[in-house]
Amino acid sequence: MPASARALRASGGLYVQILGPLRIWRDGVELEAGPQQQSYLLALLLAQEGRPISTSDLIEFIWGEGAPASALNVIHKYVGALRRLLEPALPARGPGSYLQRRGTSYLFTAAPGMLDAVVFRELIGAARACFAEGRRDAALDCYVEALRLWRGPAGGTLARGSAARSIFAVLDGEFFDACEVAADLAVALGQSERVLPPLRLAASMTPLHEPVQASLISTLAAAGQQAEALSVFRTVRARLADELGIDPGPALQNTHQQVLSRTIMSAVPSGTDEDESSDLVESPPQMPTARPAQLPPDLSTFVGRAEELAILSALFAGARGGGRTSPLIVAMDGMGGVGKSTLAAHFAHLVADTFVDGQFYLDLRGHEDEGVPAQDALHSMLSSLGLRVSSFPETFDARVGTYRSLTAGKRVLVLLDNVGDLAQVRPLLPNSAESLVLVTSRKPLVGLAALDGAHLLHVDLPDLPSARTLLRHRLERSPNRSAAELASAADVLEEVIDLCGRLPLALAILAARLSASPRLSLAAVATELRDDARRLAAFSGDRGVRDPRTAFAWSYRQLSPGAARLFRLFSTTLSPGVSAEACASLAGEQPRVTRGLLRELTDAALLDEDHTGRFSSHVLVKAYAAELFLALDSPAEREAAVTRLLQHYLHSSYHAAVVLAPQRAPVEPPPPLAGVVPERPGSYDVARRWFEEHHEVLHEAVRHSAEAGFGAVTWQLAVSMQPALQWTGRFHDWQDIMQISLRAAVANGDRVGEAHALQGLAGGRHAFGANEEALDLLSTAQEIFSQFGMLSRQGIVELDFHRMHSDLGRHEHALEASERALALFRAADVEPAQVWALEARGRSLVQLGAFDEARESLEAALALSQRIGRKGDEADIRMATAQYLSQVGRRHEAVRQLELALESAVETKNQLDIFQAWILLSDALLSLSDVPGSCRAWRNACDVMHAMQNGGTRSMRDSVNDVGGKLVEVVQYGP
């Protein structure tokens, strides 16, 4: 049995005390541990005896965020000084017998009998062994000897910072647990006085620890000191009310009642043989266990999650306000690898001190094919609560009842990690409103919220700054990575984060790879990640290390066959934000069936649904789906799925374009494949919104169909997008998709497709001022349309000729083009297009001074537009009418027409018309000397232009500069 502390100090050799203030003895003489930081370093290593602490953690413990650049050198200096203090005969730079280095960490290894914490644990182990053998007196002797080693809180006043304090708190907790066990045993043996000194010390160290205070009260009462016992209870009750605003718990209140009724007494009165006392003690007490403290270690590299922690803190603070009748339950859900478990453990550590009756942790392995059954989980919890297996009730329901009885009124924290379903959780909910239950799961546990009042918290990907901090923080802690290297590779670091989709698990694995391989560069990792086919291979870790593929695989294996198929097919989607209708076409299923499958995929955290009802998958999840798609689905099935998806976008875009701009309606595509479910916008506003929501995926669809050789789909889709791109000011996109579609049409020998692409590209080039090139493109397109007798398309080309000739000041050519267009539209009997031709003719007549004819043409255009309900044309007609009125001197009427044009453009949300109306209104108001009004209109025009793609076109900027120059001149020099 270990010798006492006093005997060890007196017997010579080295003896170190950490169970209280740090003290070092050699040959009975006390030594100075050195400066405060050096003493703190030694105390940390002593408290973690036998377990290494990394130098980065030591730096954080000692200096926190204010660590100097020389911190690591200072650590090494302190270690050297401590080695010489502990082993004076140690050669210079010798490794030492006690303070040893392990890689980038240090640990303290104590010799037998050298460290009081080790002696304490040995004595406690001996006490438990004696008790198990039925030698209760010997067990109490060991407990008393162990408890006498304590002189105060572990480390004394050295502990600072929550992370470091938790290290010393573990030792303190062992002392408190041992005090409670020893008190029960001493009372049972009639030797209460022997444990009163350590109990009083423990009670002074933790004034709000109810089990310790209850042990002190019951032991005082058993020792015949009822008055002091009652005084202790009153003091604790007052302190709980003042500091926490709560009443004593059931255990403390029961102890108080026993003191009042004098039912606490020594089980073996003085002078009574143990045999004679057998009838006074019904049965030997069950050996109490240490207070459970099972939380996994908090991650030292934890960063971010401020929003989630604020929500958790608010829920926790609200629960402590009183009025609850059940435990606070927070169920966190999110995709695999997003950091749910890390967040839950971190928050649990932040609040752990509140739960004085224990903190429990269970990994229910719900992400594995065979999770932990509820009965096995309950077995673990009952064992942790100190119940012997032989005392377990036979039935599951009875065990649940026992668990609830044991947790009634207790302050316990239960962290249930990786939950698979509701059935794993409900039997483990403690029966106490003072408890907290944290749950993590891949899918939202809606049933837990409905039946047990759980708060559901979705854990999303960290934002970019948090992801950046996470990766940099881990790399900066690595001795193989310098700050200069990371600074020089900042752009590559950003790309790596983006290619990982900000997934914390992926970033952590890459950081570990980079730390372990000094020659592996960030650029090489980025190259691996750019390869879509091998992206997930970049995260392969050692055996037993969970990587993203493993995390996703479990979720996939839980899917129904239909959902699994849709998940694989989803890898072919072209951009984030896919509608349910597009998914139905992709799968070739009815929308109702597809919506059910999508719900299954979102519940499994394999897809996300945004506030608009559109679906996306994480970049790494999509890579996993692509691997499965290539491995499990035939080439024919893969081609059919992509074809259905492209046809969905083509036919949906066609239907939207017909509603949005019927006079420019594209060629109707052939009927779609079976299973394609096109979307059909029913109104102008719905069609406009549809294009706004789908412009990115449509652009990608044009590119993909061209690269994959899908023939006419490319140019037909591009042409259907043209009006929407023009009206929203996406001129660069307009030009890009038309160039793609032209190349595809020429490659396929599709002459009609080539003509459509040429006409569309001409409009795009004209928007950038390349007028002569645009005219040549239109001439070629017109020749092809003429060869195929396509009257309506020829008329639209003539309108394009009119617009370009007008911009070049060739108004007679423009008038001729508008009249040819009108004749072609009348021949084709296309009334909506006639509105445009009449408006274009009116504009040219104004420029040529034929005002009466211009007025008649513009009035005819407006009347026809209103008759057929074409509100999208009104703004252009009124702007042309304003031009006519201004030319004939009716400037106030012109301003009114421009205001009406602006109202119409705003109603239809045609950004190009809104810009034109504002800039023309600014010029018109300036001609009336309304400088303030002109300035306001000019600023509004600038705002609209700057909001467009790439800040608008050169011709728009020229218009803004022209009117702005006039305003400057008026302001500086007057009219």
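Attention in this report is confined to the structure presented alongside it. All of these numbers come straight from a predicted model, not from anything done at the bench.

Glancing now at empty space enclosed by the protein. Empty space left among the atoms is revealed by rolling a probe the size of a water molecule over them. Considering all chains together, one arrives at 6 cavities of 30 Å³ or more under this definition. In this structure, the largest cavity encloses a volume near 120 Å³. F691, E692, A724, L725 and T728 are the residues nearest the centre of the largest cavity, which is lined by 15 residues in total. Sorting the residues of the lining of the largest cavity by element identifies α29 (684-708) and α30 (713-727) as the ones contributing at least two each. When residues of the lining of the largest cavity are assigned to their parent elements, the largest contribution, 6 residues, is made by α29. When its residues are assigned to classes, the lining of the largest cavity shows 8 nonpolar, 3 polar and 4 charged.

Below, the discussion takes up the nonpolar core. Core analysis: the biggest nonpolar cluster contains 174 residues, and F539 and F567 have the highest contact counts within it. Those residues within four positions of F567 in sequence are excluded, and the remaining contacts are Y556, L559, L601, L606, V621, Y624, A625 and L628.

Here the focus is the pattern of salt bridges. Scanning the entire structure with this criterion turns up 32 salt bridges. Residue R765 pairs with E773 through a salt bridge whose shortest N-O separation is 3.2 Å. Overall, E773 belongs to the partly exposed group, its relative accessible area being 38%. Linking K966 and D923 is a salt bridge whose minimum nitrogen-to-oxygen distance equals 3.3 Å. Of this pair, K966 sits in helix α42 (residues 954-973) while D923 sits in helix α40 (residues 911-927), placing them 43 residues apart in sequence. Each of E819, R841 and E853 takes part in salt bridges that share partners, so that together they form one network.

Glancing now at a negative patch on the surface. A contiguous patch of negative charge, built from D460, D608, E609, D610 and E693, is present on the exposed surface. Note on placement: D608 falls in strand β12 (residues 608-609).

With burial as the criterion, each face of strand β6 (residues 105-108) is covered, one bearing S105 and L107 and the other bearing Y106 and F108. For strand β4 (residues 53-54) and β6, the ladder comprises 2 bridges, and the chain directions are antiparallel. Bridged to S54 within β6 is S105. As paired elements, strand β5 (residues 99-102) and β6 share 4 bridges and run antiparallel to each other. Paired with R101 across the bridge in β6 is Y106. In sequence, β5 turns back onto β6 through a hairpin of 2 residues, with G103 there showing a positive phi of about 65°.

Each value, and the rule that gives it
- Residues numbered from 1 in each chain as written.
- Predicted model: local features only at pLDDT ≥ 70, side-chain atom pairs only at ≥ 80, totals over all residues.
- Heavy atoms only, no water.
- 1 Å grid on protein atoms, 1.4 Å probe; cavity = no way out; pocket = protein on both sides within 12 Å on 5 of 7 lines; lining within 4 Å.
- Points joined across faces, edges and corners; volume = space filled by probe spheres on them.
- Helix = DSSP H or I, 4+ residues; strand = E, 2+ residues; numbered from the N terminus.
- Nonpolar A, V, L, I, M, F, W, Y, C, P; charged D, E, K, R; others polar.
- Core = buried A, V, L, I, M, F, W, Y, C linked by side-chain atoms within 4.5 Å.
- Buried < 20%, exposed > 50% of the residue type's maximum accessible area, 1.4 Å probe, protein only.
- Contact = heavy atoms within 4.5 Å.
- Salt bridge = Lys/Arg side-chain N within 4 Å of Asp/Glu carboxyl O.
- Patch = residues over 30% accessible without salt bridge, like charges linked within 9 Å, V, L, I, M, F, W, Y side chains within 5 Å.
- Areas by Shrake-Rupley, 256 points an atom, 1.4 Å probe, with all protein chains shown as cover.
- Lys, Arg positive; Asp, Glu negative; His and termini not counted.
- Charge placed at Lys NZ, Arg CZ, Asp CG, Glu CD.
- Pairing = 2+ DSSP bridges.

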